[in-house]
Amino acid sequence: MARFDSRYKKNLGLLIVFLLFVTLLFVISVFFARTITTNFVQTDFNNRKAEVFDETVKDFNEFFQEKIPEVAYYQGFMDSVQAKDFSNSILRKYPFVQKIEFSDILFTNIDSVERQMRIGNFGASTKSSYLYELTSDYRLQSSKQVSNGDLSSNEELYSIFLKLCTYLGRDNVDTSRISNTDIYNLFYNIQPGKISYMNIPRMTDVLSFRSMMVDVNYQKSSYEQDFYVFYILPTKIQINNKYPNLYENVSIKPVVDQYILDEAVFLRTEIALPGALSDYKLQFVTSEGHITKEINKWFFPVVGILILIYLVLLLLGYLIYRNVLANNRMYQLQYDFINNLTHEFKTPVSVIKIAGNNIKSAEQLSEGEKNMYGRILDQEADKLNSLMNKLLSFAQIENKSIKFNGEFIDLNEFCQHMFESTRIKYPDLNLKDSVSVKSEIYADPILLTSVFQNLIDNAYKYSNPTNRFLEIKVEQTKKNFVILFKDRGIGIDKKEFNSIFKKFYRVKNQFNQQGSIGLGLAFCKEITEFMGGEIKVESELNVGTCFMLIFPIVIKKV
Amino acid sequence: MKYVRKLFYLNRSRRFMNIKGILKLVLVTLSTFIYSCGDSVKEDLIPIQDFFDRPDHTNFKISPDGKWVAYLGLEDHCKNIFILNLSNPDSSKQLTYQNSLNVQYYFWATNDSIVFSNAQSYQDSLRLFTVDIHSEQINPLFETSKHTIKWLSPARAFNGYLFAQMNRRDSTVIDLYKIPLKGGQPILVDENSNHFNDWFVSSDGKVRIALSSDSVQDKLWYREDENKRFKEVLETDFASLIYPLGPVKDINNSIYALSNRGRDKVALVRLNLESGQETILSKNDEVDMNADGYSFARQEVLFSTAFDKRKATTIYNKELKNIYLQISSKFEGNSVDIIEVDSSFNTILFRTYTDTNPGGIYYYHKGIIKELTPLNPSLRDKKLSHMEEIAFDSRDGKRIKGYLTYPLKKQDKYPVVVLVHDGPNRRDVWGFNSEVQFLANRGYAVFQVNFRGSVGLGKEFYVAGFKQWGGEIQNDINDGVAWLIHKGIADKDRVAIMGTGFGGYSALYAACFNPTMYKCAISSSGYINLFTYFKEFPPYYNSYKQLYYRIIGNPQKEYELFKAISPLFHADKVRMPVLMFQGGKDRYNTMTDVNQFVQKLRSNNVELTYIYKEDEGRRFRKDENIIEFYQNIEAFLKEQMK
């Protein structure tokens, strides 16, 4: 038997190249993943600081943009009681406000009123001044400030007063509104650590101030204004480190910091604080170990995914390999089959050839000889025919090219025919039969005959010639027809139960020498299932085998 | 004094209504033109400009002899004086030919001359002129100067002199002057020694009566002759009023006056200046009497009016009564308000209207009635909604009155717009109201409440509103809405609150504190911060503060109250959609406050439409801004009251 190894070669070299390639790819991608995550984390370190900054100065901005202008809501009507309330709420809410100085001031052109500052006829004086701060046990402490009438004692107020007067003294003041920049310039005075604010008067008040300053004869009047100085301690600002994973330590440090100790600092960045906080900066510091942790946090999942991809690739490779192997076995099987079949065909063909030669070379054929050769030729031709039929119909079933010509068959009648022909065919077979059915089975009579024939042939073939026995029982249960073929043949090993219905599989034994191609049972199974039934086997070695056909009862439609 | 100021307020606002720009006119004529060019299908929705157009002839005034009617008309894009000769229309003519400045106001000084001013605002310098109606000669009354002037009532010449009070000598002190009509320097009559606010001239051209006020207490002063000293006749408390109308004929020591001394409602009285005794001539049990109907020329009260269910006019003079009946019969179903009567009853100026008809201004001259100008003419043939008077009890049992105007389309339940009047020392009255009709035409029932604190409904009711901003005043409004809902009139899910000034304050207050009652709020220059509002009284008007301490509260002593009722401090609470209009020249709000408020609303994601007009004051005056104002209201309500 020649083997065509050239067709299905297992190329181990290719397999190894594939494996190596995939592994190389994996290693390279892991390397890149590492580099990219490191870069990513370091960029993040530099970029996210703005968010931390925003979060950190949020309170300060709220204080600056919402709380301070609230002073103006009172339009100068605040006195020490209200100022105390107001300061109390601010000091408790915003820990970075260290202390608050409140002055109830008077803008007036009345001569009798003592004016600490005066430009033209327009003067300002502090009616009273208070300092509010929280004591160490969080109690509000207010202390009245004693003014000594000295201008320089209230530097902030003086500065705002000067600015206001400069503004009022301009030749062309817009009488309808104060621009936003003017408001900022006039009523705010922002220095590192200090915010002074005077409540923004109404436009008409500003115009009156102007008249008071410019016009000597202007109505004697006085306006109360509220003036606040908020002392800010930036180090008390609550740092809200949104990214503790990135920044190991965020702190507020003076802008000028001469004593930087470079211990174990791997990454460092900073942002300057705005406005009244400007003498401090926000500093972000991270050690190498900390940043590595962060890098790993990103890196490991990436590697995980890469490993997964790698494994999937390997699995795919394995599956392809396995598929090739299966195909190879299939090919082997078919190859064997062709070998066997050739052999099967060869025997009758050579017998026919010998018989033909004998007839041709015989000068005269006796009656006996003629009969013998006739029988031989007839037998062998039948054998060939049956082989080809089997092969053909099996191929048809495999390709689903047979149509299921189902009809209702009376099993009693059908079995009688079967049994009669079997008894004629195998006179030495001890056939016992019992049929008890009421309904008609729905099946293809030709295919069903074929199944019967196959099973009967098998029972005959795989029995000891001295003990050829077959019992066929046809019964009807509630749902099914059950047809049993029970012989007392050589039996089948349990290990082979699964294999006997496979194509081209033959049990190896002495009865299996000729005329068998391993298709019979496979064929039976195919067509039984094709007709909607099922086939089962029970057997004991050297005792006998029982095949069971089960067909569902189909209700005949009228 | 307070009442008087209120009355002036009403007058001033009416005058402002009349003083309108040229653009408007162009716009209106243009739009009506377009409208009439359109198809003839009568639409349900009346265009906004039809509600708010203004007549181009305004300020009609009869000459003292009743022969002429003068008015302000537009010429060269400016308001100029025209005179109409009633008996001989052909000699009607234009008197002034100004092409850069409007005539701000004018009055008949004599039968032959008119005094007018072309100052553009009360902050402008004083420019006064006389014009002779025959020669059309225009002369300056006195040189242009920079102080204020207030004419004594009645503004007319006595023996060639006009009387006025001016702060000419000292800008902080108002003195009494007489101004020669032929031109020249004003002559000081009296230096103000007693904090007088008003002087009153007698028919012989002598000033015998004066009023002083420290805003809490008013005092009436009398002297027998100009060379004698003023003697105090009587004084009133902060809620009471005494207002002289004019002398009683032939009795020197008596005057006609409006007074509610010792009485809840203002009545028309005759006051004895020696004893201070009052004799009630006319009163109304429900409402205050109005300050009209006195004829100085005849020195008698011809008629009196009061805003009861509708404006009630009672005529005392028989001759005038006959003419009035004659006129009224021509305008069946209309209210007829007398604007002016000449001394001989030859000529009468009057206005007609109903709640659904804006009517017009007419004159009667010797039996003939002619129209001078229609008011909102494009609304005349339109079907509009009736205004019904309603009354309900507030939670503390106070009877509150108001008006309800239903939209024309009948519904089970109406979406309601609560229109809160300004003031609060004002009131809503029955009559034609463009704003109300506009809202009703857009499908909303309009609810107006004369909450406590409104004027004209008696002293007790007025005082009940003191220190009740955001308190009982707001409760009255809310109780009215609750009453409407309870009666099944209002759809409780579709109630909007809207107003200007105090009304806007009330709307904003509701936005902060009555989130369940109202669907949305519309505020036009509503007071946002009462501290700022209070600051509007300059320090040299210290006396005013005393009054406002009573009306609102003391911002220094009661700052907690001020904080509690100022919307600015509660902007965080606003959740309902808000439409806000703000004029840049509104003196009661600072832009700092408004911006803070708007920012807070925005940062809380409140649905806010904010419209800011830099050159407008508390109320929008420019036509295009008025149209935009109502367009926004229409769109906003349509969106929110779905």
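Residues numbered from 1 in each chain as written. Chains lettered and ligands numbered in written order. Predicted model: local features only at pLDDT ≥ 70, side-chain atom pairs only at ≥ 80, totals over all residues.

- Chain A appears in an unreviewed UniProt entry as histidine kinase from Sphingobacterium bovistauri.
- Recorded under Catalytic activity (unreviewed entry), the UniProt text for chain A is reproduced unchanged: "ATP + protein L-histidine = ADP + protein N-phospho-L-histidine." (UniProt positions renumbered as here; feature names shortened; annotations may be inferred.)

**Observations concerning the overall build of chain A**
- The helix and strand inventory of chain A stands at 12 helices and 17 strands.
- The C-alpha radius of gyration computed for chain A amounts to 55 Å, which surpasses the reference 24 Å derived for 558 residues by more than 25%, pointing to a less compact arrangement than a globule.
- Each principal axis of the C-alpha atoms in chain A carries an extent, and together these give about 170 × 65 × 50 Å.
- Looking at chain A residue by residue over its 558 residues, the buried ones come to 25%. (Helix = DSSP H or I, 4+ residues; strand = E, 2+ residues; numbered from the N terminus. Rg over C-alpha atoms; globule rule 2.2 N^0.38 Å. Buried ≥ 20, exposed ≤ 12 C-beta atoms within 10 Å, placed from the backbone.)

**Some words on the interface of chain B and chain A**
- The interface of chain B with chain A comprises 22 residues on the first partner and 21 residues on the second.
- Counting residues per element, the ones that place at least two in the side of chain B that touches chain A are helix H9 (530-535) and helix H12 (591-603) of chain B.
- Per-element tally for the side of chain B that touches chain A: the top contributor is H12 of chain B, with 4 residues.
- When the residues that make up the side of chain B that touches chain A are grouped by side-chain class, the tally is 9 nonpolar, 9 polar and 4 charged. (Contact = placed C-beta atoms within 7 Å. Nonpolar A, V, L, I, M, F, W, Y, C, P; charged D, E, K, R; others polar.)

**Remarks on the sheet that holds strand E7 (residues 128-132) of chain B**
Residues and elements named next belong to chain B.
- What the 4 strands build is an open sheet, ordered E5-E6-E7-E8; its pairing is antiparallel. Sheet topology places strand E5 (105-108) and strand E8 (138-140) at the edges, where each strand pairs with a single neighbour. Averaged over all pairs of adjacent strands, the angle between strand axes in this sheet comes to 25 degrees, irrespective of strand direction.
- Looking at chain direction, E7 and E8 are connected through 3 bridges and run antiparallel. Counted as the bridge partner of Thr130 is Asn139 from E8. (Pairing = 2+ DSSP bridges. Axes fitted to C-alpha atoms, helices over the stretch in contact; angles between N-to-C directions.)

**Describing the UniProt feature "transmembrane region" (unreviewed entry) in chain A**
Residue and element names in this part refer to chain A.
- Mapped onto the present numbering, the UniProt feature "transmembrane region" (unreviewed entry) falls on residues 12-33 and 298-321.
- Segment residues 12-33 splits into 100% helix and 0% strand. End C-alpha atoms: 32 Å apart.
- End C-alpha to end C-alpha, residues 298-321 measures 35 Å, and it is 100% helix and 0% strand.

**Quick notes on the sheet that holds strand E15 (residues 218-222) of chain B**
Residue and element names in this part refer to chain B.
- Taken in spatial order, the 4 strands make up an open sheet running E13-E14-E15-E16, and their pairing is antiparallel. Either end of the sheet is taken by a strand with one partner, and the two such strands are strand E13 (196-201) and strand E16 (231-236). Going across the sheet, the axis of each strand differs from the next one's by a mean of 20 degrees, ignoring polarity.
- Here E13 runs beside strand E14 (residues 207-213); their pairing, made up of 5 bridges, is antiparallel. Residue pairing across strands places Val201 opposite Val207, the latter belonging to E14.

**Quick look at the pairing of strand E30 (residues 399-405) of chain B**
All names here are of chain B.
- Of all 7 residues that make up E30, 6 are buried, and the element is covered over most of its length.
- The pairing of strand E29 (residues 387-393) with E30 spans 7 bridges and is classified as antiparallel. Counterpart to Glu388 in the pairing with E30 is Leu404.
- The hairpin formed by E29 and E30 contains 5 residues between the paired strands, and Gly397 there has a positive phi angle of roughly 85 degrees.

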